[in-house]
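# Fold and geometry: a report
What follows is the residue order along each chain.
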Amino acid sequence: LQNVRIDPSSISFGMWKDIPVPFYLSVHLFEVLNPTEVLDGAKPILRQRGPYVYREFRYKTNITFHDNDTVSYLEYRKLFFRPDLSNGTEDEYIVMPNILMLGASVMMENLPNFVKLLLSGALAGLKQEAFMNRTVGDILWGYDDPLLDTINMIVPGLIPFKGKFGMFVGFNNSNTGLFTVYTGMKNISRVHMVDSWNGLKKVNYWRSTGCNMINGTAGEMWPPFMSPTSLEFYSPDACRSMTLVYEQSGEFKGVPTYRFVAPKTLFANGTDYPPNEGFCPCRQSGIQNVSTCRLNAPMFISHPHFYNADPSLVNAVEGLNPSKEHHALFLDVHPMTGIPMNCSIKLQLNQYLKQVSGIIQTGKITPVVLPLLWFSESGYIEGSVLNQFYTNLVLIPSILDYLQYIFLGLSVPLIISAAVLVMMSQRPTDEKSPCDPTVPSTPPQVSETTPLLQDTSTSCQDAAEA
């Protein structure tokens, strides 16, 4: 138990502080093959591009221990492009929706017509169109877009940030917020459980108390002695807590594991799964509206290729092929310690597109939740870290466990033998010979045929000879 606490002297502390597991971020982008037809109301035809793979390094700073059995920290991540593992480069061009323009159009849908006409005129002056042809690097890590300043001039505060715009702007060299978690020094069953995030015991993105709760751990480790039921963690990227359910037991390179996967209810709408009503307004099951934590932009998250989602989402576009093998997320955790051995967390980002009256650049787009990209964060324990883990937390405990049974097995015959010897040495007195000098003799009964003087030694001898 001491080895899984958050304590500088524990074996797992180094793994917790500077995660030695090689993590990789793999990104797939969806290219729109028929942008002109989509503007005329046609079904989008998509082609998956990538993966574009990045080596991910994670480390914790500002580690501060508190008197109430908790520790606070900031975890940073750094990403480095790995062209050798990628199918393509960051310099290649891809046709995708103009995320900023189309998102702002939907956000302004209910504003007065003159405001939308003003934006439409500004878009024409900036030569902004509904679809753009940009490099992978620009789409992911940002590009300078004068539209940002224009939108904020027309509708101040609509998109409250400046600088570059990109899907992962601010993701690299950034932290996930200030986590405060339990160390397990006083109560091992609470180790790694989140006490607060950015000082909050709950968030305020959603419409119900249950949906706003910060549950579980920070998603890196869990308390030991896990049961094959479920696990929880809070995801700042998804702005919510998530529950995964037990699927099966297995092994990872000799280490016993429990596999946890996402239930079908994870992104179900409030109609199909009432506890999710707090995440609404909802559309079809299988996607979650995250606009309330994404500057009110019409963004949705889901499993890749709309895996486990309403079939109407898949049928609204062409080019998707959802499958469990390629698109389901999983965590393989060592149940005795709560440490993940192998994991792959997968999510898809989608944007709601539609024609917006007064903004001519939106054409006649049929309302659709359009996949933009999906990514997986994957990693597994290997090498010297795996050997150390296996030796200290699996092999040695197993040997000690076996030894206790061996000692128990050896002790049983000894105990039985000792018991037999004791019983033999303490036989009942009535079973002893009357000639035993330690047993007092019973005086012979006098009768007419009994001599007055009887030689008892002779009697014993005669009995012996008989």
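To be clear, the structure that these remarks concern was listed above.
Below, the structure is looked at part by part. (Residues numbered from 1 in each chain as written. Predicted model: local features only at pLDDT ≥ 70, side-chain atom pairs only at ≥ 80, totals over all residues. Heavy atoms only, no water.)

Because side chains alternate across strand β14 (residues 299-302), one face comprises the buried residues Met299 and Ile301, and the other comprises Phe300 and Ser302, equally buried. Direction of pairing for strand β13 (residues 287-289) relative to β14: antiparallel, over a ladder of three bridges. Across the sheet, Ile287 pairs through a bridge with Ser302, a residue of β14. Strand direction decides the pairing type here: β14 and strand β16 (residues 339-353), joined by four bridges, are antiparallel. Bridging from a neighbouring strand, Ser302 pairs with Gln348 of β16. (Buried < 20%, exposed > 50% of the residue type's maximum accessible area, 1.4 Å probe, protein only. Helix = DSSP H or I, 4+ residues; strand = E, 2+ residues; numbered from the N terminus. Pairing = 2+ DSSP bridges.)

The space that makes up the largest pocket amounts to roughly 1,100 Å³. Lining the largest pocket are 39 residues, with Gly166, Met167, Val169, Cys293 and Arg294 positioned closest to its centre. At five residues, helix α3 (residues 99-107) tops the list of elements feeding residues into the lining of the largest pocket. Considering only residue class, the lining of the largest pocket consists of 25 nonpolar, nine polar and five charged. (1 Å grid on protein atoms, 1.4 Å probe; cavity = no way out; pocket = protein on both sides within 12 Å on 5 of 7 lines; lining within 4 Å. Points joined across faces, edges and corners; volume = space filled by probe spheres on them. Nonpolar A, V, L, I, M, F, W, Y, C, P; charged D, E, K, R; others polar.)

The next thing to look at is the packing of aromatic side chains. Under the criterion given, the structure shown has 19 aromatic pairs. Relative to Phe279, the ring of Trp206 lies with its centre 5.0 Å away and its plane at 80°, an arrangement referred to as edge-to-face. Here Trp206 is found in the loop between β9 (194-197) and α7 (209-212), whereas its partner Phe279 is found in the loop between β12 (255-261) and β13, with 73 residues between them in sequence. Each residue in the set Tyr54, Phe81, Trp141, Phe168, Phe171 and Phe375 is aromatic and connected to the rest through ring pairs, giving one cluster. The residue whose ring lies beneath Arg55 is Phe57, and the NZ or CZ to ring-centre distance is 4.0 Å. In this structure, Arg58 packs its charged tip against the face of Phe23, placed 4.4 Å from the ring centre. (Phe/Tyr/Trp six-rings, centres within 6.5 Å; stacked < 30°, edge-to-face > 60°. Lys NZ or Arg CZ within 6 Å of the ring centre and 35° of its normal.)

Disulfides are covalent bonds that link the sulfur atoms of two cysteine residues. Per the counting criterion, the structure on display carries two disulfides. What pairs with Cys239 in a disulfide is Cys293, and their sulfur atoms sit 2.2 Å apart. Across the S-S bond of Cys239 and Cys293 the torsion is about 90°, and the bridge reads as right-handed. Of the two residues, Cys239 sits in the loop between β10 (230-235) and β11 (240-252) while Cys293 sits in the loop between β13 and β14, which places them 54 residues apart along the sequence. By relative accessible area, Cys239 is classed as buried at 2%. For Cys280, the disulfide goes to Cys282, at an S-S distance of 1.8 Å. Across the S-S bond of Cys280 and Cys282 the torsion is about -90°, and the bridge reads as left-handed. Unpaired in this structure, Cys211 has its nearest cysteine sulfur neighbour in Cys280, at a distance of 8.3 Å. (Disulfide = S-S within 2.5 Å.)

A word on empty space enclosed by the protein. Per the counting criterion, the structure on display carries three cavities of 30 Å³ or more. A volume near 650 Å³ is recorded for the largest cavity. Around the largest cavity sit 38 residues that line it, and Phe23, Arg58, Ala218, Gly219 and Glu220 are the ones nearest its centre. In terms of residues, the lining of the largest cavity owes the most to one element, β16, which gives eight residues. When grouped by side-chain class, the residues that make up the lining of the largest cavity number 26 nonpolar, five polar and seven charged.

Our focus in this paragraph is the pairing of strand β15 (residues 330-334). The element β15 is extensively covered by neighbouring structure, given that five of its five residues are classed as buried. The side-chain alternation of β15 yields two buried faces, one formed by Phe330, Asp332 and His334 and the other by Leu331 and Val333. Two elements, β12 and β15, share four bridges in a ladder whose sense is antiparallel. Bridged to Val261 within β15 is Phe330. Taken together, the five bridges between β15 and β16 define a ladder with antiparallel strand orientation. Bridged to Leu331 within β16 is Cys343. Where β15 folds back on β16, the antiparallel hairpin that results is connected by four residues, among which Gly338 adopts a positive phi of roughly 80°.

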